[in-house]
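Descriptive analysis of the structure
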Amino acid sequence: MKRASHFLLCACVCLALVSVSSAQRLPTIARPDNYKLTFAPDFSTDGFGGVETIQVRVQKPTSEIVLNALDLDFHEATITARGASQKATATFEKEKEQVTLAVGKTLPPGPATIDIKYTGKLSSELRGLYLGKQDDGHKYAATQFEATDARRAFPCFDEPAYKATFNVTVIADNGMTVISNTRAISDVDGPVGKHTVRFAATPKISSYLVAFVVGNFEYIEGSADGIPIRVYTTAGKKELGRFALETAEKVLPYYDHYFGIKYPYSKLDLVGLSDFGPGAMENAGCITFREVFLMLDDKHGGIERKKFVGSVVAHEIAHQWFGDLVTMQWWDDVWLNEGFADWMSSKPLEAWHPEWEVELSDVTDSTRALNLDALQNTHPIHQEAETAAQILQLADAITYGKTAAVLRMLESYLGEETFRAGVNEYLKEHAYGSAAAADFWNALTKVSKKPVDKIMATFVEQAGAPLVSVKMKCRGSSATVSLEQRRYYYDRARFESDNNQLWEIPVCFKQGLGKGAGAEKCVLLTQEQQSFTLATCSPWINANAGARGFYRSGYDAEGIRSLARDAERALSPTERIMLLSDLWASVRVDRGKIGDYLVVAQGLQSDRQPEVVSQLIAQLDFIGRYLVTDADRESYRLWVRDLLSPVAEEVGWKKKPSESEEKESLRKVLLGALGGVARDPEVQAFARKLVDQALQDPSAVDRELVASAFPIAASNGDAVLFDQVLARLKSSQNPEESAVYQQTLEAFSDPKLLARTLEYAISEARSQDATSIIGGVMRNPAGQKLGWDFVRAQWAAIEKQSGAFGGASPGGLVASTGVFCDSASRDEVKQFFTVHPVASAERALRQSLERIDYCIDLKGRQGPQLASWLQEQGRHGGNDATGN
Ligand SMILES: [Zn+2]
């Protein structure tokens, strides 16, 4: 998914981050062809009954069939083969999440039927078949099965390669709506007080993609390419789904055309759920969403919200082909599903709204993935994963962002049409079946006749990302470019020592102004060092043209200076984002000086691209938080103020008629930075005024801008403001507004108020929000220690409120401990999670500890340099010397 920063409620779209139990693979005894499933949820007891018939093919003579099943009570089980029915005894192995059905007489190879009657509880953990509650108090039941939770709703072969057709029937209370993967083929009264809805058989799908929802829902509808599309919401909210419906109507025909295969299911429903663990889930034909990932107020919604909802909807619909139609054999290849959907989702949005410049968000995502890949505790894109905890940990910036970036690089290397031809070939070959990732790149290798398999193997099978150092030497009118690759680590010793990893990297250069202005040349770097000849000499060279490559670029001091001089006019916005990220990476390993980075920042001070400015501000925020000493804090804030004020004055705080949407975004970014990082008192006062207006009448203010103003007002806010925001949060029917109010509660500075926020998280917040609120408090400098003390003191309550982390990511909460930058806190974090281990956040913990260590190291080295640079600036009267 796109990680739109202010709506980063969850680190992933599709994987529910749940469960610490261990999955074990089923023995190869039988394969399912068809499931007939009848579910009868009972909201008076919060339980459900199930009746199931599975048609299987027995592979070899056996008296036992093993299925996945968890927390289900079997009342009757029989197996029928060749006309003979036998009662089966069921033996559960809870640890393995399996049940063995044993019969007296051996079953011959060939078709057999398994019949099971069972009951279960509607889960309180947002997984399996679970109980949800709408804002108005109405109960509903919904499913969330990825990765290994279908087995909590019905006994099944719960592995992605066991694809089958499913006939779902649901017995629901009268008046309740039932939605599932396919169209309803009948809806009849009975039994008493209920109605029975039967759905058409699905095409062959994996168990994790089966879904149904039962409750009070309303919908709006449309269609595209002959496919009916509905957006379902809880009562009173259907109009908030209008934008998502419009997006689906644009995206579906685009994919029909791109993939060369028509949308494979008979209808498409997008369902907004108030209680929902992941961001969204791509169940075939029945995509479920957290409300805030689906709904927006079209009349007042700004561009950022539209981009966010648009990209989530486009991501999930892309999965209908990539993931649902063709499914990975096993979870170790989930990266291809997720990275592909991420990469693909930009294409229809680009075609629909070119002015959104979605490629800028893509590059920002690449920089995040590069940052994660700088840790020793990163992982290869292709990562073995056997247990549920291991599978769920894969939902990170490597699986999503890095894969998407590698695919973008590959597409650029092969050309759009060749790439697409390979994708089409792969999909056609494996439609309604399963495939391994190698099948994908083999299809591309075959179609393109280029070494895709070699390139992909280096990026997919090995961890980390290369730094490509570039040096240019002019010889008369031509030039020689020398490239050198090595793995980039934040750990300086590791980075500088011999490392023997090699990648096959499609590298594209862009030469500087002058004769070779804007000229690009692409090469394949396969050795540790290689030289190439360029026809023209130029004042500078950029080693990642279009920022299309997934690698870092390293320049010498002179290279940086000449690049920085022209950056704003000669580099594209994507290249500027990548350059800022690359330069910061060189500061982190002592190859660059922090003062030089800040000089480049000054060179970009009149940049108008919101995404470029955001990239810069994120770094300035980090510097302000961790590297500036108390003595220099005020002069640093003044410097940031001087840096950003001229553009802010030009943009103004008031929206002008007919201004571009880009300007709206820029205004929002600048308000956040001047009120937050620079703590400009005038801007803070303005933010408070805006918030007061919004609290009076939300429709009177610029919705996008006020979302930025709320946290600023909170940082100076008192109990009166806190009470107002909390009351709004509790009464709001608009998920977008609720998200802003919730994030505002995390941003107060007064410890007493933050303590109330934390209390709210474990007593009243929705299960999926509890850990994100606590993590939000920890990311607030004023709440860092308070939040951490709370985590330690209230661990049991946090686990309980989060439904044993069924709906929320413990990984996210554990990752929030990476905000510390001192050894005492690091030791506390390590010690606490040694005593309270979280299996599905085991890698997140190692990453957090690493981050803290590097921060400590960075502060020790660059802190003093920063102090003298700031003092130097002060002596020269601020940042007048911008003519670098
Ligand atoms: Zn996804």
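Residues numbered from 1 in each chain as written. Predicted model: local features only at pLDDT ≥ 70, side-chain atom pairs only at ≥ 80, totals over all residues. Heavy atoms only, no water.

1. Points about the confidence of the model for the chain
In this model, the chain carries an average pLDDT of 92, and 95% of its residues clear a pLDDT of 70 or more. In this model, residues 1–21 is a region of pLDDT below 50 whose contacts with residues beyond four sequence positions or in other chains number 108 contacts. For the stretch residues 878–884, pLDDT sits under 50, and the model shows 15 contacts to residues farther than four places along the chain or on other chains. (pLDDT = per-residue confidence, 0-100. Contact = heavy atoms within 4.5 Å.)

2. A few points about the sheet that holds strand β8 (residues 110–121)
Here we have eight strands laid out as an open sheet, ordered β5-β4-β8-β2-β1-β11-β14-β13, and mixed in their pairing. With partners counted over all chains shown, the strands left at the sheet margins are β5 (84–87) and β13 (184–189), one partner each. On average, each strand axis in the sheet is inclined to that of its neighbour by 15°, with strand direction left out of account. As paired elements, strand β11 (residues 165–173) and strand β14 (residues 194–199) share five bridges and run antiparallel to each other. When the sheet's bridge partners are listed, V170 is paired in β14 with V197. (Pairing = 2+ DSSP bridges. Helix = DSSP H or I, 4+ residues; strand = E, 2+ residues; numbered from the N terminus. Axes fitted to C-alpha atoms, helices over the stretch in contact; angles between N-to-C directions.)

3. What to know about unusual backbone geometry
A147 follows E146 through a cis peptide bond whose omega is 5°. As for its position among the elements, A147 is in the loop between β10 (139–144) and β11. A cis geometry characterises the amide bond from G190 onward to P191, with omega recorded as -5°. Inspection of the secondary structure puts P191 in the loop between β13 and β14. Here E97, not a glycine, exhibits a phi torsion of approximately 60°, which is positive. On the secondary structure map, E97 appears in the loop between β6 (89–93) and β7 (98–107). Of note in the backbone geometry, S658 takes a positive phi value of approximately 65° without being a glycine. Turning to its location among the elements, S658 is positioned in the loop between α16 (633–651) and α17 (661–675).

4. Notes on the state of the cysteines
What makes a disulfide is a covalent bond joining the sulfur atoms belonging to two cysteines. The tally for this structure, following the rule as stated, stands at three disulfides. Shown here is the disulfide that connects C821 with C855, its sulfur atoms set 2.0 Å apart. Disulfide C821-C855: the torsion about the S-S bond is -100°, which places it as left-handed. A residue pair is termed long-range when its members are at least 10 positions apart, and C821 in the loop between α26 (810–816) and α27 (823–835) and C855 in helix α28 (residues 842–875) qualify at 34 residues. Taking relative accessible area as the criterion, C821 reaches 5% and is therefore assigned buried. (Disulfide = S-S within 2.5 Å. Buried < 20%, exposed > 50% of the residue type's maximum accessible area, 1.4 Å probe, protein only.)

5. With respect to the pairing of strand β17 (residues 227–234)
Burial of β17 is extensive: six of the eight residues sit out of reach of the surface. In terms of strand pairing, strand β16 (residues 217–224) meets β17 through eight bridges, oriented antiparallel. Directly across from Y219, in β17, lies its bridge partner Y232. What sits between β16 and β17 in their antiparallel hairpin is a turn of two residues, with D225 showing a positive phi close to 50°. Two elements, β17 and strand β18 (residues 268–273), share four bridges in a ladder whose sense is parallel. Counterpart to Y232 in the pairing with β18 is V271.

6. Quick notes on the pattern of salt bridges
Scanning all chains against the criterion turns up 57 salt bridges. With a shortest N-O distance of 2.5 Å, D607 and R576 are connected by a salt bridge. Separated by 31 residues along the polypeptide, D607 in the loop between α14 (594–603) and α15 (610–627) and R576 in helix α13 (residues 573–588) bring together distant segments of the chain. There is no split in this pair, since D607 and R576 are both buried. Notably, a salt bridge pairs K655 with E664, separated by 3.5 Å at the nearest N-O pair. On the basis of relative accessibility, which here comes to 45%, the residue K655 falls in the partly exposed class. (Salt bridge = Lys/Arg side-chain N within 4 Å of Asp/Glu carboxyl O.)

7. Some words on the packing of aromatic side chains
Scanning the entire structure with this criterion turns up 52 aromatic pairs. A ring pair is formed by Y488 and Y490, whose centres lie 5.9 Å apart and whose planes are at 80°; its orientation type is edge-to-face. Each member of the pair, Y488 together with Y490, is buried. Ring centres of W795 and F833 lie 5.7 Å apart, and the angle between their planes is 80°; on these two criteria the pair is classed as edge-to-face. Residue W795 is located in helix α25 (residues 795–801), and its partner F833 is located in helix α27; the two are separated by 38 residues in the primary sequence. By relative accessible area, which is 7% here, W795 ends up buried. R230 extends its terminal NZ or CZ atom over the ring of Y219, reaching a point 4.0 Å from the ring centre. For the cation-ring pair, R588 lies above Y490, with the distance from its terminal atom to the ring centre recorded as 4.0 Å. (Phe/Tyr/Trp six-rings, centres within 6.5 Å; stacked < 30°, edge-to-face > 60°. Lys NZ or Arg CZ within 6 Å of the ring centre and 35° of its normal.)

8. Considering the environment of V447
Among the secondary structure elements, V447 is positioned in helix α9 (residues 437–448). Judged by its relative accessible area of 27%, V447 falls in the partly exposed class. A C-alpha to C-alpha distance of 9.6 Å links V447 and R420, two positions 27 residues apart in sequence. The contacts of V447, once residues within four sequence positions are left out, are T418, A421, G422 and E425.

9. Digging into helix α4 (residues 334–352)
In a regular helix each residue adds 1.5 Å, so 19 residues correspond to 27 Å; α4 covers 28 Å between its end C-alpha atoms and thus fits that length. With 17 of 19 residues buried, α4 is to be regarded as a mostly interior element. (Expected span 1.5 Å × (residues − 1).)

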